[in-house]
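# Coordinate analysis (summary)
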Amino acid sequence: MTVQHSHTLVADEPLKPDVAREHLYETALRPGPISNVGLELESHLVDLRQPDRRVSWSRLDAALTGLRPLPAGSDITVEPGGQVELSGPPVAGVGAAVAALREDQAALRAGLGAADLGTAGIGADPVRPAARVNPHERYAAMESHFAAIGYQAAGSAMMCSTAALQVNLDAGPATGWADRVRLAHHLGPVLVAMSASSPFLAGQPTGWRSSRQRIWNELDPGRCGPVDRRGSDDPAADWMNYALRAPVMLVRDPDTGQAEPVRSVVPFESWLTDDTTLGGRAPTLPDLDYHLTTLFPPVRLRGFLELRYLDALPARWWPVLAAITATLLDDPDAADLAAEASEPVATLWRTAARDGLGDPALRRAAVRCVAAAARAVPAELRADVAAYAELVEAGRDIGAEMADRARRGGALALLEEEAHA
């Protein structure tokens with residue numbers, strides 16, 4: 001697709017359809033070398049004295065005061081259910097990205113520990129029912145939107161009970177975008193199975209290795225499902241169409257900035273091109289950019305590739321999965337092997353979440369992918385990758401191990417162990 005640069009984007013003017021399409025297309029991917037890696041890690045906040053209870057907002061906020069800035073520059077944010085997220089800055093190579101996030105995670109845990117708080121790297125809260133503690137009006141509006149369009153339970157669970165490891169990678173040269181984005185999608189089921197760490201939810205076994213991914217599967221596919229790329233070699237155009245068709249979740253008041261929920265299914269293109277009005281007005285460029293922050297596909301294009309499908313993991317394993325993921329996409333030889341290995345299982349998202357590496361086809365793909373990555377991961381991570389490779393080759397995954405631990409000691413013991421680790 002060719003887009004002509006013929007428009008000046010003015011923030012407060014009504015947005016024209018052709019301007020919106022141009023903006024989406026041109027900002028989807030940013031050409032450049034493949035170098036930087038950014039990591040984001042969410043963890044469940046746990047009261048070490050009463051681990052079965054959620055931490056209040058006032059106590060959480062007080063505990064985080066004084067912890068910023070972190071030594072390696074990660075941002076600290078808080079998700080709706082009190083999950084604490086570390087967002088590391090983009091740095092050259094996954095080895096440096098892991099080292100920086102490890103340093104900041106250690107500082108965060110030390111600071112929280114002084115307040116009798118811990119963090120647990122698990123894909124879904126294994127004990128506590130979903131409940132929002134972050135009072136930000138954006139999250140209240142999100143809750144209202146999900147409830148109004150029929151996704152109340154899944155929406156609340158996603159917001160308050162899940163945690164992820166996110167890997168952000170450069171888009172690379174434009175000539176390779178089609179293959180690179182295709183591989184990011186095709187690897188999704190393999191990496192879901194490899195990172196699955198959430199067999200319990202709200203105190204009960206779910207029968208899924210990744211209860212986190214099960215929750216995402218239950219949400220609005222127009223907002224949370226994979227971008228449709230069937231037969232396409234233009235990922236920027238695919239992203240543009242996905243964003244325009246996705247329903248508007250929130251509309252902000254241009255004067256106050258307050259977010260108001262949209263209580264029906266209104267695709268952004270309907271607000272843009274039809275007689276539909278939201279908030280009593282036509283959309284503007286800031287509305288479009290804000291709309292993009294409410295889209296949660298497994299692979300989101302933000303100028304770079306944002307891989308959103310891995311479960312949060314314990315401190316032993318998240319560096320391994322981060323290294324494997326980045327290497328499979330950024331190392332040319334590993335990427336070629338990964339493309340071949342993942343092709344037969346590229347659509348098995350549900351199977352990956354339910355069965356993890358218990359599925360034979362996914363296990364075969366995982367063994368090949370880990371072997372391909374192991375040759376190219378940074379030297380300081382090779383021993384941990386080798387230990388993980390032994391698990392994969394035995395058909396074991398982190399979710400199965402966590403399920404065994406929870407069956408022996410209970411889901412609460414699992415949460416406590418991870419919070420104290």
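Let me sum up the structure you'll find in this document. (Residues numbered from 1 in each chain as written. Predicted model: local features only at pLDDT ≥ 70, side-chain atom pairs only at ≥ 80, totals over all residues. Heavy atoms only, no water.)

## Points about the overall build of the chain
The cut-off we apply is this: Counting from the N terminus, the helices are DSSP H or I runs at least four residues long and the strands are E runs at least two residues long. Here the radius of gyration uses the C-alpha set of atoms, whereas the globule reference equals 2.2 Å times the residue count to the power 0.38. A 1.4 Å probe rolled over the protein chains alone gives each residue an accessible area, and that area as a share of the maximum for its type sets the label: buried under 20%, exposed over 50%, partly exposed in between. Contacts: residue pairs with any heavy atoms within 4.5 Å of one another. Computed with the Shrake-Rupley method and a 1.4 Å probe, the accessible areas treat only the protein chains shown as cover for residues. Charge counting treats Lys and Arg as positive and Asp and Glu as negative, with His and both chain ends excluded. Here the site of a charge means NZ on Lys, CZ on Arg, CG on Asp, or CD on Glu.
Counting secondary structure elements, the chain contains 19 helices and 12 strands. For a compact globule of 421 residues, the expected C-alpha radius of gyration is about 22 Å, and the chain comes in at 21 Å, within 12% of that figure. A principal-axis box enclosing the C-alpha atoms of the chain has dimensions of 60 × 50 × 40 Å. A total of 421 residues make up the chain; the buried ones form 57% of that total. Of the contacts made within the chain by residues no fewer than 6 positions apart, 76% connect residues no fewer than 24 positions apart. With an accessible surface of roughly 16800 Å², the chain has 50% of that area assigned to carbon and sulfur atoms. Considering the chain, the positive charge centre built from 40 side chains and the negative charge centre built from 55 side chains are found 5 Å apart.

## Remarks on the nonpolar core
To keep it simple, the criterion reads: Within this scheme, the nonpolar core is defined by two criteria: the residues are buried Ala, Val, Leu, Ile, Met, Phe, Trp, Tyr or Cys, and they are joined through side-chain atoms within 4.5 Å.
Within the largest apolar cluster, 118 residues are counted, with the highest numbers of intra-cluster contacts made by M194 and Y388. Examining the composition of this core, we find that nine residues originate from one element, helix α13 (residues 318–330), more than from any other. The contacts of M194, once residues within four sequence positions are left out, are L321, I324, L357, A366, V370, Y388 and I398. Judged by nonpolar contacts, the second largest core, of 20 residues, contains A124, A157, M249 and Y290.

## Structural notes on the side chain of H23
Operational definition: Counting of polar contacts relies on pairs of N or O atoms within 3.5 Å, with two restrictions inside protein: one atom must be capable of donating a hydrogen and the other of accepting it, and residues adjacent in sequence are counted only when both atoms are side-chain atoms.
With respect to the element layout, H23 can be found in helix α1 (residues 17–28). Looking at H23, its side chain comes within polar contact range of the side chain of D289, at 2.8 Å.

## A word on empty space enclosed by the protein
Applied cut-off: A 1.4 Å probe that fits but cannot get out identifies a cavity on a 1 Å grid over protein atoms alone, an open set with protein on both sides within 12 Å along at least five of seven lines counts as a pocket, and a residue lines either if it has an atom within 4 Å of a point. Grid points are joined across faces, edges and corners, and a volume is the space filled by probe spheres set on the points. Charged means Asp, Glu, Lys or Arg here, nonpolar means Ala, Val, Leu, Ile, Met, Phe, Trp, Tyr, Cys or Pro, and polar covers whatever is left, Gly included.
Under the criterion given, the structure shown has three cavities of 30 Å³ or more. Put simply, the largest cavity is a space of about 50 Å³. Along the walls of the largest cavity sit H44, L45, R54, V55, L60, G81, G82, Q83, D125, R128 and V133, which together make up its complete lining. Of the residues that constitute the lining of the largest cavity, the class distribution is four nonpolar, four polar and three charged.

## Considering unusual backbone geometry
With omega at -5°, the peptide bond leading from R68 into P69 counts as cis. Mapped onto the secondary structure, P69 falls in the loop between α2 (57–64) and β2 (75–78).

## What to know about α1
So the rule is basically this: For a helix, the expected span equals 1.5 Å multiplied by the residue count minus one.
Its 12 residues place the ends of α1 17 Å apart at the C-alpha level, agreeing with the 16 Å of an ideal helix rising 1.5 Å per residue. Along α1, the residues that are buried comprise V19, A20, E22, H23, L24, Y25 and A28. Packed against the buried residues of α1 are α10 (235–245), α11 (268–273), α12 (285–292) and β11 (299–301).

## Some details on the packing of helix α6 (residues 177–186) against α13
In a pair of packed helices, the angle between the axes and the distance between the axes together describe the arrangement. Quick reminder of the rule: The convention used is that axes are lines fitted to C-alpha atoms, helices contributing only their stretch in contact, and that angles between N-to-C directions extend from 0 to 180 degrees. Between 65 and 115 degrees an angle is taken as roughly perpendicular, under 35 as roughly parallel, over 145 as roughly antiparallel, and anywhere else as oblique. We call a crossing left-handed when the near helix sits turned anticlockwise from the far one by less than a right angle, and right-handed when that turn is clockwise.
Their axes nearest at 10 Å, the elements α6 and α13 cross at an angle of 150°. Taken together, the axes of α6 and α13 lie roughly antiparallel to each other. As α6 packs across α13, the resulting crossing turns out to be right-handed. Contacts between α6 and α13 involve R180, L183 and A184 from the first element and L328, L329 and D330 from the second.

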